[in-house]
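Chain by chain, the residues:
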Amino acid sequence: MTAACSNPRRRASRLHQRLALAGLLLAGVCAAATAEQLPRFVSEKGRHALLVDGAPYTVLAAQLHNSSAWPSVLPGSLDQVVALHANTVEAPVYWEQFEPALGRYDTANVDALIAQARQRGLRVALLWFGSWKNGQMHYVPEWIKRDAATYPRALDEKGQPVDVLSPYASANVEADTRAFTALMAHLRKVDGDRHTVILVQVENEPGTVGAVRDHGAAANAAFAQPVPAAITAKLGKPAGSWQQVFGPEADEAFNAYGTAHYIEQVAAAGKQAYPLPMYVNTWLRYKGKKFPGLDYPSGGATVNVFDLWRAATPSIDFIGTDIYTSDYNEYTKVISQYARPDNPAWVSETGFEPATVPYLFHVLGQGGIGFSVFGMDGADSPQKQTATAAHAANFGQLAPMQRILAKAAFEGRLQAVAEQPGQPQRTLRFGDWEVRVSYGAPYWGDADPILSGNADHDGRLLVVQTAADQFLLTGFAARAEFARVANDDLHGQLLRVELGHYVDGQWQFERLLNGDQTDYGLNFVRTDPPVLRVTVGTY
Ligand code: DGJ
């Protein structure tokens with residue numbers, strides 16, 4: 001970065017002194033310097049942002065089916081990501097393909113992914129299918145699968161091997177670390193100047209299916225030791241054995257620590273090679289599931305061991321949620337569990353169905369950094385067409401303004417809601433103003449005094465405050481009404497309602513709304529709803 005770019009005041013005074021041509025040249029330098037910045041995850045005042053090319057970025061993503069990140073099928077799959085209006089593709093790199101023989105690396109798949117994503121203007125969240133894939137070890141190379149003596153599996157409480165590598169075997173963590181580091185070094189070489197890859201998911205839904213903890217000899221020896229002091233200190237717990245510190249959850253907590261510590265070593269070494277933002281995704285403990293190792297992989301970053309995971313993985317920037325439900329209470333409960341001052345809302349996967357569409361708005365309203373639908377590529381079907389249309393409308397509406405949304409969320413100026421069944425009204429407060437959101441009203445004219453909401457509950461709305469008296473709104477199947485609620489004698493009024501749209505973050509004015517289009521509230525229809533810029537005032 002040039003000195004002039006790093007000091008805006010000095011830059012401004014110089015620009016005033018220089019000719020316009022010199023100013024233009026300097027602007028060009030600043031743009032180049034910005035593009036060279038590495039993607040970075042930042043948190044401030046309990047809010048979060050993923051910075052891409054130096055500015056907050058909302059990840060509107062689609063994840064390919066597990067077996068689609070191969071050059072033979074990739075073009076068709078990526079075309080479907082583009083058709084969805086996603087700005088990011090989540091795609092795996094398979095350890096078994098990347099390291100077919102010990103120490104021999106094959107970069108063909110990842111190179112094809114980067115090249116073809118670039119051709120389509122997509123960013124990439126790269127998923128490292130390494131030691132863990134859905135609480136099992138199916139993506140480790142064949143030479144590891146065949147050699148359990150060198151690369152031991154976890155043992156259940158009867159001493160039987162399960163289908164996952166032991167998190168307590170140094171050969172396992174060393175092998176994964178070597179391969180992941182080679183991958184990150186390769187990324188730096190081929191993408192260090194372009195940043196097509198903006199995020200890396202380390203492993204996939206880690207944890208153990210088939211046992212609550214590893215009972216191998218090394219694991220048992222570690223279990224007999226006290227909980228590491230660094231962990232008890234960070235958790236604010238007294239020193240003691242796993243049993244003493246975690247009681248009935250000792251086995252699960254121990255497996256969580258083992259898994260998290262293993263992944264920390266992999267991620268830390270990978271970051272040394274190339275420090276991209278890294279996250280872990282979670283097979284959740286939700287929907288009434290409560291038996292670790294059976295209902296969900298034991299030792300993943302589930303809500304009951306979340307603090308332990310954060311304490312054990314300083315190299316992991318955040319924890320993601322793989323949410324496979326469309327139930328409002330369940331969905332929003334998960335988001336509230338993971339959206340915290342030390343972690344952003346990040347839907348690393350969600351079901352590719354119309355019913356999950358409104359939750360993108362809920363996630364953004366909770367300061368979320370992104371949302372990814374899973375398994376949207378492949379064979380056509382009527383269900384797939386419906387899901388594609390629904391999510392494409394959502395992403396298509398938000399993608400051209402995603403930078404504005406991400407910046408506003410980071411600065412605490414964005415509020416957004418998804419329709420809750422049985423609750424046809426919500427109120428959002430912005431200083432002296434309220435935005436009253438309702439569902440089920442007609443697109444103009446008086447609404448029924450008793451609103452029923454939308455039959456499919458797919459209403460959603462977001463509001464960005466752009467100045468004290470200016471707001472940006474968009475949504476679907478919703479009505480918004482402004483009310484001034486300051487404690488004085490003044491009344492509120494709409495001064496100006498612009499309808500338009502964004503192209504690459506630039507506002508394109510189309511017309512002013514007034515009369516029937518504003519007297520009954522501002523209405524957001526289901527198909528091609530408007531984007532509005534509203535100025536309010538008093539009298
Ligand atoms: C979650 C996993 O992370 C994905 O790789 C995929 O297996 C989906 N489940 C399938 O529902």
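Just so it is clear, the structure is predicted and the values come from calculations on it, not from any experiment.

Caption draft 1: Region of interest: the site of the ligand. Around the ligand lies a shell formed by Asn-66, Lys-133, Asn-134, Asn-204, Glu-205, Asn-281, Asp-322, Tyr-324, Glu-349 and Phe-374. Between Asn-66 and the ligand, the recorded distance is 3.0 Å, taken from a side-chain N or O atom to an oxygen atom. Lys-133 places a polar side-chain atom, nitrogen or oxygen, 2.9 Å from an oxygen atom of the ligand. Notes on the ligand: free accessible area 290 Å², of which the protein chains cover 76%.

Caption draft 2: Spatial organisation of the layout of surface pockets. Space inside the largest pocket adds up to approximately 370 Å³. Surrounding the largest pocket, 21 residues form its lining, Pro-354, Val-357, Pro-358, Asp-458 and Arg-460 being those nearest its centre. The residue makeup of the lining of the largest pocket, split by class, is twelve nonpolar, three polar and six charged. Residues from two domains meet in the lining of the largest pocket; each of domain 1 (38–412) and domain 2 (415–538) gives at least three.

Caption draft 3: Examining the sheet that holds strand E18 (residues 470–476) more closely. Here six strands make up an open sheet; going across it, the order is E14-E17-E18-E23-E20-E21 and the pairing antiparallel. Two strands in the sheet have a free side with no partner beyond their single neighbour: strand E14 (414–418) and strand E21 (506–512). Within the sheet, the average angular offset between the axes of one strand and its neighbour, ignoring direction, is 30°. Judged from the five bridges that link them, E14 and strand E17 (residues 460–467) form a sheet pairing that is antiparallel. Bridge pairing in E17 places Gln-415 opposite Val-463.

Caption draft 4: Seen up close, the pattern of salt bridges. Counted under the stated rule, the structure contains 17 salt bridges. In this structure, the salt-bridge partner of Asp-163 is Arg-153, at a minimum N-O distance of 3.5 Å. Of this pair, Asp-163 sits in strand E8 (residues 161–165) while Arg-153 sits in strand E7 (residues 153–155), placing them ten residues apart in sequence. Residues joined in a network through salt bridges with shared partners are Asp-307, Arg-340 and Asp-342.

Caption draft 5: Quick peek at the domain arrangement of the chain. Taken as a whole, the chain is organised into domain 1 (38–412) and domain 2 (415–538). Domain 1 and domain 2 are separated by 36 Å when their C-alpha centres are compared. Counting residues at the interface gives 18 residues for domain 1 and 25 residues for domain 2. For the pair domain 1 and domain 2, the summed buried area comes to about 1,600 Å², and 74% of that belongs to carbon and sulfur atoms. Broken down residue by residue, the surface that domain 1 buries against domain 2 is led by Tyr-328, Phe-361 and Gln-397, which jointly contribute 39%. Linking domain 1 with domain 2 are zero salt bridges, by the criterion used here. At the surface where domain 1 touches domain 2, the tally comes to four residue pairs in polar contact (both at pLDDT 80 or more). Secondary-structure elements contributing two or more residues to the side of domain 1 that touches domain 2 are helix H14 (328–338), helix H15 (359–365), helix H16 (382–398) and helix H17 (402–410). Examining the composition of the side of domain 1 that touches domain 2, we find that five residues originate from one element, H15, more than from any other.

Caption draft 6: The packing of helix H4 (residues 74–83) against helix H6 (residues 108–119), seen in detail. Axis separation between H4 and H6 bottoms out at 10 Å; the angle between their running directions is 40°. Put simply, H4 runs oblique to H6. Where H4 crosses over H6, the handedness of that crossing is right-handed. Contacts between H4 and H6 involve Leu-74, Pro-75 and Leu-78 on the former and, on the latter, Ala-112, Leu-113, Gln-116 and Ala-117. The residue inventory of the contact of H4 with H6, partitioned by class, reads six nonpolar, one polar and no charged.

Caption draft 7: Up close: the sheet that holds strand E13 (residues 370–374). Judged by pairing direction, the barrel is parallel, and its eight strands sit side by side in the order E4-E5-E6-E9-E10-E11-E12-E13 before closing back on the first. Averaged over neighbouring strand pairs, the angle between their axes works out to 30° when direction is ignored. In the sheet, strand E4 (residues 59–63) pairs with E13 via five bridges, with the strands oriented parallel. Bridging from a neighbouring strand, Leu-60 pairs with Phe-371 of E13. Strand contacts of H6: strand E5 (88–94), strand E6 (123–133) and strand E9 (197–204), with the helix running at about 155° to E6, the strand carrying the most contacts.

Caption draft 8: Spotlight on the nonpolar core. In terms of nonpolar packing, the biggest core is built from 130 residues, with Leu-126 and Leu-187 touching the most fellow members. Each of two domains, domain 1 (38–412) and domain 2 (415–538), supplies a minimum of three residues to this core. Setting aside chain neighbours within four positions, we find Leu-187 in contact with Val-110, Ile-114, Leu-126, Gly-192, Val-197, Val-200, Tyr-274 and Leu-276. Judged by nonpolar contacts, the second largest core, of 22 residues, contains Leu-428, Leu-461, Ala-478 and Phe-524.

Caption draft 9: Broad picture of the packing of aromatic side chains. Overall, the coordinates contain 28 aromatic pairs when judged by the stated rule. Plain terms: the ring middles of Trp-70 and Tyr-94 are 5.6 Å apart, the flat faces sit at 20° to each other, and that makes the pair stacked. Of the two residues, Trp-70 is situated in the loop between E4 and H4 and Tyr-94 in strand E5; the sequence distance between them amounts to 24 residues. A relative accessible area of 1% places Tyr-94 in the buried class. Judged by centre distance (6.3 Å) and plane angle (45°), the rings of Tyr-328 and Tyr-359 are tilted. On the criterion of sequence distance, the pair formed by Tyr-328 in helix H14 and Tyr-359 in helix H15 is long-range, its members being 31 residues apart. Each member of the pair, Tyr-328 as well as Tyr-359, carries the same accessibility label: buried. Taking NZ or CZ as reference, Arg-213 lies 4.0 Å from the ring centre of Phe-223, over its face. Seen from the ring of Phe-476, Arg-460 lies directly overhead, with NZ or CZ sitting 4.0 Å from the centre.

Caption draft 10: Region of interest: the side chain of Glu-498. Along the polypeptide, Glu-498 turns up in strand E20 (residues 492–503). Here Glu-498 falls in the buried class, since its relative accessible area comes to 12%. In this structure the side chain of Glu-498 is engaged in a polar contact, spanning 2.9 Å, whose partner is the side chain of Arg-496. Discounting chain neighbours no more than four positions away, the residues touching Glu-498 are Trp-507, Phe-509, Arg-511, Leu-512, Val-531, Leu-532 and Arg-533.

The rules behind these values
Residues numbered from 1 in each chain as written. Predicted model: local features only at pLDDT ≥ 70, side-chain atom pairs only at ≥ 80, totals over all residues. Heavy atoms only, no water. Near = heavy atom within 4 Å. Polar contact = N/O pair within 3.5 Å; in protein donor to acceptor, adjacent residues only side chain to side chain. Areas by Shrake-Rupley, 256 points an atom, 1.4 Å probe, with all protein chains shown as cover. 1 Å grid on protein atoms, 1.4 Å probe; cavity = no way out; pocket = protein on both sides within 12 Å on 5 of 7 lines; lining within 4 Å. Points joined across faces, edges and corners; volume = space filled by probe spheres on them. Nonpolar A, V, L, I, M, F, W, Y, C, P; charged D, E, K, R; others polar. Domains from an automatic or database assignment. Pairing = 2+ DSSP bridges. Helix = DSSP H or I, 4+ residues; strand = E, 2+ residues; numbered from the N terminus. Axes fitted to C-alpha atoms, helices over the stretch in contact; angles between N-to-C directions. Salt bridge = Lys/Arg side-chain N within 4 Å of Asp/Glu carboxyl O. Contact = heavy atoms within 4.5 Å. Buried area = accessible area lost by both parts, 1.4 Å probe. Parallel < 35°, antiparallel > 145°, perpendicular 65-115°, else oblique. Left-handed = near helix turned anticlockwise from the far one by under 90°. Core = buried A, V, L, I, M, F, W, Y, C linked by side-chain atoms within 4.5 Å. Buried < 20%, exposed > 50% of the residue type's maximum accessible area, 1.4 Å probe, protein only. Phe/Tyr/Trp six-rings, centres within 6.5 Å; stacked < 30°, edge-to-face > 60°. Lys NZ or Arg CZ within 6 Å of the ring centre and 35° of its normal.

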